[in-house]
Amino acid sequence: GLSVRLRGKDASALIVSGLDLSIQRGEIVALVGESGSGKTMTAFSILNLLPRAAEIAGGSIRLGDTDVLSLPQEGLRAIRGKKAALVFQEPMTSLNPLMTIERQIAEMILIRGQYSGRDVRERVMQLLELVRMPDARRRAKEYPHNLSGGLRQRVMIAMALACEPELLIADEP
């Protein structure tokens with residue numbers, strides 16, 4: 001029953017209305033629709049990442065036993081990346097231009113807390129190879145602006161996979 005409203009200066013518009021969606025472990029689901037149909041807002045809603053002009057107008061969002069909409073910011077941070085991760089449409093808006101690819105992926109790995117020291121670097125390489133990054137060892141030392149759009153998207157996917165989420169959401173994969 002998810003509904004999302006976009007607030008404007010003079011009015012508001014319902015951009016997602018009464019969506020019922022259930023995704024089981026191991027299942028792949030695709031939301032298909034024309035531009036502006038609410039696919040991105042649905043994806044953002046799942047992790048409560050809506051822009052300021054948007055709000056949940058009704059319904060609920062559950063990740064397993066967790067009611068996402070009832071969580072405070074601390075609780076949301078705890079599930080983002082670990083329980084569910086989002087691959088954004090435009091990598092350059094999400095990647096830090098001042099950090100190498102390796103460092104950005106390493107930060108995600110360190111958030112999970114399962115690796116340390118040399119193991120982190122090895123895990124970064126595993127993730128880059130998993131997303132079929134050509135010449136992964138060299139690319140890891142580069143900055144986002146050195147990569148093509150497709151390679152930056154691979155970095156974003158590697159970062160999303162770094163925390164081994166139960167749910168992976170790809171906005172315009």
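Scroll up to find the structure.
Quick look at the structure, then. The model shown is predicted, which means the values in this text are computed figures rather than measured ones.

Thresholds, definitions, all that
- Residues numbered from 1 in each chain as written.
- Predicted model: local features only at pLDDT ≥ 70, side-chain atom pairs only at ≥ 80, totals over all residues.
- Heavy atoms only, no water.
- Core = buried A, V, L, I, M, F, W, Y, C linked by side-chain atoms within 4.5 Å.
- Buried < 20%, exposed > 50% of the residue type's maximum accessible area, 1.4 Å probe, protein only.
- Helix = DSSP H or I, 4+ residues; strand = E, 2+ residues; numbered from the N terminus.
- Contact = heavy atoms within 4.5 Å.
- Patch = residues over 30% accessible without salt bridge, like charges linked within 9 Å, V, L, I, M, F, W, Y side chains within 5 Å.
- Areas by Shrake-Rupley, 256 points an atom, 1.4 Å probe, with all protein chains shown as cover.
- Salt bridge = Lys/Arg side-chain N within 4 Å of Asp/Glu carboxyl O.
- Axes fitted to C-alpha atoms, helices over the stretch in contact; angles between N-to-C directions.
- Parallel < 35°, antiparallel > 145°, perpendicular 65-115°, else oblique.
- Left-handed = near helix turned anticlockwise from the far one by under 90°.
- Nonpolar A, V, L, I, M, F, W, Y, C, P; charged D, E, K, R; others polar.
- Pairing = 2+ DSSP bridges.

1. Here's the deal with the nonpolar core
One finds Ile-105, Ile-109, Val-124, Leu-128 and Val-155 to be the most contacted residues of the largest nonpolar core, which totals 24 residues. For this core, the secondary structure elements donating two or more residues are strand 6 (84-87), helix 3 (101-112), helix 4 (118-130), helix 5 (136-140) and helix 6 (149-162). Ranked by residue count, the leading element in this core is helix 6, at 7 residues. Once you skip the residues sitting within four places of it in the chain, Ile-105 turns out to touch Val-124, Leu-127, Leu-128, Val-155, Ala-158, Met-159 and Ala-162. Among the nonpolar cores identified, the runner-up in size contains 19 residues, and Leu-2, Met-41, Ala-43 and Ala-84 belong to it.

2. Points about a nonpolar patch on the surface
A grouping of Leu-21, Ile-23, Val-29 and Leu-31 is seen on the molecular surface, where their side chains present a nonpolar patch of about 280 Å² in accessible area. Summarising the element assignment, Leu-31 is placed in the loop between strand 2 (12-19) and helix 1 (39-46).

3. Regarding the packing of helix 3 against helix 6
With their axes 8 Å apart at the nearest point, helix 3 and helix 6 run at an angle of 20° to one another. Accordingly, the angle class assigned to the pair helix 3 and helix 6 is roughly parallel. Of the two possible hands of crossing, helix 3 and helix 6 adopt the one that is right-handed. Taking contact as the criterion, the partners of Ile-101, Gln-104, Ile-105, Met-108 and Ile-109 in helix 3 are, on helix 6, Val-155, Ala-158, Met-159 and Ala-162. Its residues assigned to classes, the contact of helix 3 with helix 6 comprises 8 nonpolar, 1 polar and no charged.

4. Thoughts on the sheet that holds strand 2
Strand order in the open sheet formed by 3 strands is 2-1-3, and the pairing between neighbours is antiparallel. The open sheet has two edge strands with one neighbour each: strand 2 and strand 3 (54-58). Geometrically, the sheet is characterised by an average inter-axis angle of 25° between neighbouring strands, direction not taken into account. Bridging between strand 1 (residues 2-7) and strand 3 involves 4 bridges; their strand directions are antiparallel. The residue bridging Val-4 from the neighbouring strand is Ile-56, located in strand 3. Lying on the sheet, helix 1 is in contact with strand 1, strand 2 and strand 3; it crosses strand 2 at an angle near 70°.

5. Focus: the pattern of salt bridges
A full pass over the atoms with the stated rule returns 10 salt bridges. The salt bridge partner of Glu-55 is Arg-5, with a shortest N-O separation of 3.2 Å. Taken together, the positions of Glu-55 in strand 3 and Arg-5 in strand 1 put the pair 50 residues apart, joining distant regions of the chain. What makes Glu-55 partly exposed here is its relative accessible area of 30%. A salt bridge links Arg-137 to Glu-122, with the nearest nitrogen and oxygen atoms 3.8 Å apart. One end of the pair, Arg-137, is in helix 5; the other, Glu-122, is in helix 4, with 15 residues separating them in the sequence. Through salt bridges that share partners, Asp-135, Arg-138, Arg-139 and Glu-142 make up one connected network.

Function cannot be inferred from these measures alone, as they are strictly geometric.
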